[in-house]
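# Survey of secondary and tertiary structure
Here are the chains, one letter per residue:
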Amino acid sequence: MYELNTIAFPVGHFPSGGFPDGHWPKPYDPSSYTCDPYLEKPPSYILSKLLIANDNLEAANVDIDWPVYVSDLPDLIQNSACVYDTTPVIEPDITVAMKTIRYGIQVALRSIDYAEGTLKGEELVNYLSVIRDNDVFVDDKLYRIHKINFFSGLASIGKDKLRRNLFTINLLMLVSSLI
Amino acid sequence: MSYDINNSPILIIQTYLVNKSLGSLPANDNEWPLYLSFLPDSVDNAMCLYDENPQIDGRIQSTGELLLHFGMRLRIRNTDYETGWAKAAEILRDLMTSVRQSVVININEYLIHTFTTYTGIHSMGLENSTKRRNIFDLNFITSIEEV
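Residues numbered from 1 in each chain as written. Chains lettered and ligands numbered in written order. Predicted model: local features only at pLDDT ≥ 70, side-chain atom pairs only at ≥ 80, totals over all residues. Heavy atoms only, no water.

Quick look at the overall build of chain A now. Per the secondary structure count, chain A includes two helices and nine strands. Reading chain A from its N terminus to its C terminus gives the helix and strand order β-β-α-β-β-β-α-β-β-β-β. Burial statistics for chain A: of 179 residues in total, 47% are counted as buried. Looking at chain A alone, contacts between residues at least 24 apart form 58% of all its contacts between residues at least 6 apart. Counting only carbon and sulfur atoms, one obtains 54% of the accessible surface of chain A, whose full area is about 8,900 Å². (Helix = DSSP H or I, 4+ residues; strand = E, 2+ residues; numbered from the N terminus. Buried < 20%, exposed > 50% of the residue type's maximum accessible area, 1.4 Å probe, protein only. Contact = heavy atoms within 4.5 Å. Areas by Shrake-Rupley, 256 points an atom, 1.4 Å probe, with all protein chains shown as cover.)

With that out of the way, let us pick up the pattern of salt bridges. Within this structure, the stated rule accounts for 19 salt bridges over all chains. Close ionic contact of Arg 144 of chain A with Asp 135 of chain A constitutes a salt bridge, the shortest N to O distance being 2.7 Å. Using a relative accessible area of 27% as the deciding quantity, one classes Arg 144 of chain A as partly exposed. Take Asp 135 of chain A: its relative accessible area is 36%, and that puts it in the partly exposed class. Salt bridges sharing common partners tie together Asp 41, Asp 44, Arg 77, Glu 127, Lys 131 and Arg 133 of chain B. (Salt bridge = Lys/Arg side-chain N within 4 Å of Asp/Glu carboxyl O.)

Per-chain confidence: chain B averages 90 in pLDDT, with 98% of residues scoring 70 or above. Here strand 2 (residues 46-59) of chain B stands out as the element of chain B with the lowest mean pLDDT, 90, in contrast to strand 1 (residues 34-36) of chain B, whose mean of 97 is the highest. (pLDDT = per-residue confidence, 0-100.)

Another point: unusual backbone geometry. Residue and element names in this part refer to chain B. Notably, Ser 37 is not glycine yet its phi reads approximately 70°, a positive angle. Among the structural elements, Ser 37 can be located in the loop between strand 1 and strand 2. A relative accessible area of 48% places Ser 37 in the partly exposed class. The backbone of Arg 100 shows a phi angle near 50°, a positive value even though the residue is not glycine. Its relative accessible area of 56% is what places Arg 100 among the exposed residues.

Taken together, the contacts link 22 residues of chain B with 22 residues of chain A. Of the roughly 1,800 Å² buried between chain B and chain A on both sides combined, carbon and sulfur atoms contribute 58%. The largest share of the area that chain B buries against chain A comes from Tyr 81, Glu 82 and Trp 85 of chain B, three residues that together contribute 32% of it. The interface formed by chain B and chain A holds two salt bridges in total. At the boundary of chain B and chain A, one finds five residue pairs in polar contact (both at pLDDT 80 or more). (Buried area = accessible area lost by both parts, 1.4 Å probe. Polar contact = N/O pair within 3.5 Å; in protein donor to acceptor, adjacent residues only side chain to side chain.)

Residues and elements named next belong to chain B. With respect to the element layout, Asn 7 can be found in the segment before helix 1 (9-19). Using a relative accessible area of 14% as the deciding quantity, one classes Asn 7 as buried. In this structure the side chain of Asn 7 is engaged in a polar contact, spanning 3.1 Å, whose partner is the side chain of Asn 108.

A contiguous patch of negative charge, built from Asp 55, Glu 58, Asp 65, Asp 113 and Glu 116 of chain A, is present on the exposed surface. Looking at the element boundaries, Asp 113 of chain A is found in the loop between strand 5 (101-111) and helix 2 (114-129). (Patch = residues over 30% accessible without salt bridge, like charges linked within 9 Å, V, L, I, M, F, W, Y side chains within 5 Å. Lys, Arg positive; Asp, Glu negative; His and termini not counted. Charge placed at Lys NZ, Arg CZ, Asp CG, Glu CD.)

Here we come to the environment of Ser 129 of chain B. All names here are of chain B. Summarising the element assignment, Ser 129 is placed in the loop between strand 6 (121-126) and strand 7 (134-146). Exposure remark for Ser 129: the relative accessible area of 35% places this residue in the partly exposed category. Here the alpha-carbon distance between Ser 129 and Val 43, two residues 86 residues apart in the chain, equals 14 Å.

Structure follows, in structure tokens:
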């Protein structure tokens, strides 16, 4: 069963003649979104903060191993990571007033040593796969990452021109802003 | 809702966004200039509207009325990733919560019934130049009627 305005309808059923109160629901009422479709911060930025808070990766810095960048990975000679926003998926409406948006994310890793990159990638996959309603502060605002769905596991995509190893993790993320 | 309108769809949406202070006319030299169909290279933080494929949703047999949604792309370019995303989110929020908006261009009045997006904000990566500016796209369709 599916609830809207406290009135339950079977999934897939759209009542003919409008809803019982005589009105069709207003389209795109933001309060009805199960996940925030208008995040003020990029989802990639929010996820990078969570990975830093959990000590999987470090804040962007040229002097340490495994710094994480957002959207733009500089050409440093070190192990590093970058989180990119990719195509989001808006789930099909069951009614016109209900939507869920899953943000597309790619976590890219670049390592000098193949085994080291694999280990870091597996560490990230293991952590991301157990996320359930994890909260993270981003610039004094609280965000909740509800769940992550993977397109695939850790993918090795070869080497770059400097023969550094490249890996990617592609996923969809449900996230809300709480304050 | 048909092709029979006196101004291009992107001009109508440009006017709508400027009226809502979500963008500015390029000639006014303010923040977030909103160009039509061509985004000049000289401005770092700017937006541009492009006409895209329209979506024809059929025709009402009794009246012959064509059910037409104009396709559009709004491209947002910014030197700072987070600022560009925030601008895209601000505009997306407005478009997705607006219905039956009136726009007047010279002597022509238009009614924008609604906006629909299927994809949300697209991060398109960095520009293919040394300026390393971030690109975001919003793809949507809209139904416009001349009143």
